[in-house]
Amino acid sequence: MNTKYLDLLAQKYDSEEKVVTEIINLKAILNLPKGTEHFVSDLHGEYQAFQHVLRNGSGRVKEKIRDLFEEEMSGKELDEFATLVFYPEEKIKLIKNGFDNNEELEMWYTCTIDRMIKLISYASSKYTRSKLRKALPTQFVYIIEELLYKTDDITNKESYYKKIVQQIISLGQADKLISGLAYATQKLVVDHLHVVGDIYDRGPEPDKIMETLIHYPSVDIQWGNHDVLWIGAFAGSKVCLANILRICARYNNLEIIEDAYGINLRPLLNLAEKYYGDHAAFRPKIHTDDKPSDHEQLQITKMHQAIAMIQFKLESSIIKRRPYFNMSERLLLEKVDYDREEITLHGNTYPLVNPCFSTIDPEDPNRLLEEEEQVIEKLLFSIQHSEKLARHMKFLMKKGSLYLKYNGNLLIHGCIPVDEEGNMEKMTIEDKSYAGRELLDIFEHYLRHSFANPKETDDLATDMVWYLWTGQYSSLFGKREMTTFERYFISDKATHKERKNPYYYLREDEEVCRKILAEFDLNPDQGHIINGHTPVKEIEGENPIKAGGKMVVIDGGFSKAYQSTTGIAGYTLLYNSFGMQLVAHKRFNSKEEVLRDGTDVLSVKRLVDKELERKKVLETNVGEELLQEIYILNSLMEYKYMK
Ligand SMILES: O=P(O)(O)OC[C@H]1O[C@](O)(COP(=O)(O)O)[C@@H](O)[C@@H]1O
Ligand SMILES: [Mn+2]
């Protein structure tokens, strides 16, 4: 090993004892049970529901409370206590309002602090003391450690502990201590979070989800098709930008653009006012209680049309300059008969419902008007200069990837494009052909290149980000076509169908899943594919666990817009030292409801896999890293201290 490196390391470990202590510490960690991994996907801007799932650790918090207190507490009390751990500040306020005098309150404090200490002690039992310390609220570390390491049999210490608790109460610190303990418990029940794509679009608060993730101690992200659309917009793709604006308009979420990210939509509104009127197909979908005024709705409807038409025009130029995207069928503006208001697709002619083509020159339908060009330029400038968006996108790049191999499993948002026989589909890019893992790697390479070169707006890398959103062989989309145009302008529903890659039915087949795992150098006997992206229709009896347990699809639809199709409000997956558990979540309405009714919205758990022996850190990705560290420390020991 390079001695310079070891000399440098010796500055940190400047005594034999320090090296020895660290080696012993790391070896001890290797033998602890593996930490709990928490998988979520398709959050689609639903910040409140996501918060709830994080706070309850997909049921882990409640489970621990039940284990500890089932004997001494009623069902209602267990619920109340769980709610206190999820939303401590709010719940404490509610509980305090219910007391008539100070004595009752003090009794409640004493009992609650005691229970919280027991809970945190139990929740941290598989971790080192140092990890627990890091999770604790800093101002109370000393006090909590004193309370934690009390054992009941040392009765003569009892009065000492009582004194501590009384002091905390009389100094007015009890609320803060209880809240701190609650948050620490939340941190301890889950060790690592995986977000299997689609943080953005459809729901109202993706920016808040990003903030939460940025502050989350241990997280990775597998990009979803909607996430790469945002990355693409920030990286200079005008067509990705048009798409995110169109989707925000469609779902009545333009606040995300204007208020959360500070982008001025005035130029778009001016253009929209000039060329467009009301249009049923472009009215925003309203899911919230705070309905925009009629005037606002009309403005959104107009902007929605303006940006959709810009999108369709921009798409055509990419399709033309990238023949190997194989998308010439999607040159729709050229297929329209503007006099007759008809379009011919696959040999069938359909009337166009309410066309709004006033910015289109039938002789050159793909050409942007100068005004349209200026609008999209201005919007691109603002998007690329939004400080907050820059922070969020950089984080997505830092923690994200197209796929992830983690503890033997393959995490991927969409699919691995395959043919009907289950062979990896090939895509030729600039005369070179790619399939399977290589295809995903080259996609990721282009995406990173585009992000690193935001001034380039029409190069291959930037176009490729759009391909990831909508291309036939994109691992994030995986459908033959996206029929956005048809849904706006053609009433015949048959034209709205998006043909899926065979992956989406072949993934039921264990052999296909094994082949995919092998393609990624994973052990097919032990690994699983964890997928998001396609809502599992529990309502119709669809099972999220497929291919004999090799495939788990966890998109149950956090997205409110999809809950009527799925019948639930999302799946999450937990993978701890005992195995994997799938958790189905019932619809989450509001934090207020949970606080009021004390009920949790979780339901059934299904066992995906049960480890025969409890899995240790040694057998995980983290374990591999620790082994390397131990190896280096041993080298240091030999080089510096054992001569
Ligand atoms: O929500 P909308 O506007 O109906 O959009 C539907 C589009 O979203 C997609 O389903 C992709 O989004 P998801 O990844 O959320 O499924 C496309 O296949 C489809 O064209
Ligand atoms: Mn998706």
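Looking up the chain in an unreviewed UniProt entry gives the name Fructose-1,6-bisphosphatase class 3, with the organism given as Halobacillus faecis. The UniProt entry for the chain carries the following comment under Sequence similarities (unreviewed entry): "Belongs to the FBPase class 3 family." According to the UniProt record, the Cofactor (unreviewed entry) comment for the chain is "Mn(2+)".

(A) How the structure looks around the packing of helix α14 (residues 238-250) against helix α17 (residues 294-321). Between α14 and α17, whose axes approach to 8 Å, the crossing angle comes to 155 degrees. With respect to their mutual orientation, α14 and α17 come out roughly antiparallel. In this structure, α14 meets α17 at a crossing whose hand is left-handed. Contact residues: α14 offers Lys238, Val239, Ala242, Asn243, Leu245, Arg246, Ala249 and Arg250, while α17 offers Ile300, His304, Ile307, Ala308, Gln311, Leu314, Glu315 and Ile318. Grouping the constituent residues of the contact of α14 with α17 by class yields nine nonpolar, three polar and four charged.

(B) A look at the site of ligand 1. In the vicinity of ligand 1, 14 residues are found, and the nearest of them are Arg202, Asn225, Arg250, Tyr251 and Glu498. At 2.8 Å, a side-chain N or O of Lys479 approaches an oxygen atom of ligand 1. With respect to ligand 1, the side chain of His533 contributes an N or O atom lying 3.0 Å from an oxygen atom. Here ligand 1 loses 90% of its free accessible area of 470 Å² to cover by the protein chains. Looking at the shell around ligand 1 residue by residue, the class counts come to four nonpolar, four polar and six charged.

(C) Main features of the coordination of the manganese ion (ligand 2). Looking at the metal site, the manganese ion (ligand 2) is ligated by Asp198 (OD), Asn225 (OD1), His413 (NE2) and His533 (ND1), spaced 2.1 to 2.4 Å from it. Binding-site remark: the manganese ion (ligand 2) is held by donors from one chain whose sequence spacing is D-x26-N-x187-H-x119-H. You can see Asn225 sitting in helix α13 (residues 225-234) and its partner His533 sitting in the loop between β12 (529-531) and β13 (545-546), a full 308 residues away along the chain. Taken as a pair, Asn225 and His533 share a single burial class, namely buried.

(D) A look at helix α7 (residues 102-123). If you check α7, its first and last C-alpha atoms are 31 Å apart, about what 22 residues at 1.5 Å a residue would give, namely 32 Å. All of the buried residues in α7 are Leu105, Trp108, Tyr109, Thr112, Ile113, Arg115, Met116, Ile117, Leu119, Ile120 and Ala123. For α7, the capping residue at the N-terminal end is Asn101, with a side-chain oxygen 3.2 Å from the backbone nitrogen of Glu103.

(E) Fine view of the packing of aromatic side chains. Applying the stated criterion across every chain, the model contains 20 aromatic pairs. Ring geometry for Tyr324 versus Phe325: centroids 5.8 Å apart, planes at 85 degrees, classification edge-to-face. The class for Tyr324 is partly exposed, based on a relative accessible area of 26%. Here Tyr403 and Phe520 contribute two aromatic rings whose centre-to-centre distance is 4.8 Å and whose plane-to-plane angle is 75 degrees, an arrangement assigned as edge-to-face. In this pair, Tyr403 sits in strand β8 (residues 403-406) while Phe520 sits in the loop between α24 (510-519) and β12, placing the two residues 117 residues apart along the sequence. The exposure class assigned to Tyr403 is buried, which follows from its relative accessible area of 11%. Members of the aromatic cluster, connected to one another through ring pairs, are Phe282, Phe312, Tyr338, Phe357, Phe485, Tyr488 and Phe489. Between the NZ or CZ atom of Arg129 and the centre of the ring of Tyr149, over which it lies, the distance is 3.8 Å. When the ring centre of Tyr504 is taken as origin, the NZ or CZ atom of Lys500, which lies over that ring, is 5.8 Å away.

Calculation rules
- Residues numbered from 1 in each chain as written.
- Chains lettered and ligands numbered in written order.
- Predicted model: local features only at pLDDT ≥ 70, side-chain atom pairs only at ≥ 80, totals over all residues.
- Heavy atoms only, no water.
- UniProt positions renumbered as here; feature names shortened; annotations may be inferred.
- Axes fitted to C-alpha atoms, helices over the stretch in contact; angles between N-to-C directions.
- Helix = DSSP H or I, 4+ residues; strand = E, 2+ residues; numbered from the N terminus.
- Parallel < 35°, antiparallel > 145°, perpendicular 65-115°, else oblique.
- Left-handed = near helix turned anticlockwise from the far one by under 90°.
- Contact = heavy atoms within 4.5 Å.
- Nonpolar A, V, L, I, M, F, W, Y, C, P; charged D, E, K, R; others polar.
- Near = heavy atom within 4 Å.
- Polar contact = N/O pair within 3.5 Å; in protein donor to acceptor, adjacent residues only side chain to side chain.
- Areas by Shrake-Rupley, 256 points an atom, 1.4 Å probe, with all protein chains shown as cover.
- Donors = N, O, S within 2.8 Å, 3.2 Å for Na, K, Ca; no water.
- Buried < 20%, exposed > 50% of the residue type's maximum accessible area, 1.4 Å probe, protein only.
- Expected span 1.5 Å × (residues − 1).
- Phe/Tyr/Trp six-rings, centres within 6.5 Å; stacked < 30°, edge-to-face > 60°.
- Lys NZ or Arg CZ within 6 Å of the ring centre and 35° of its normal.

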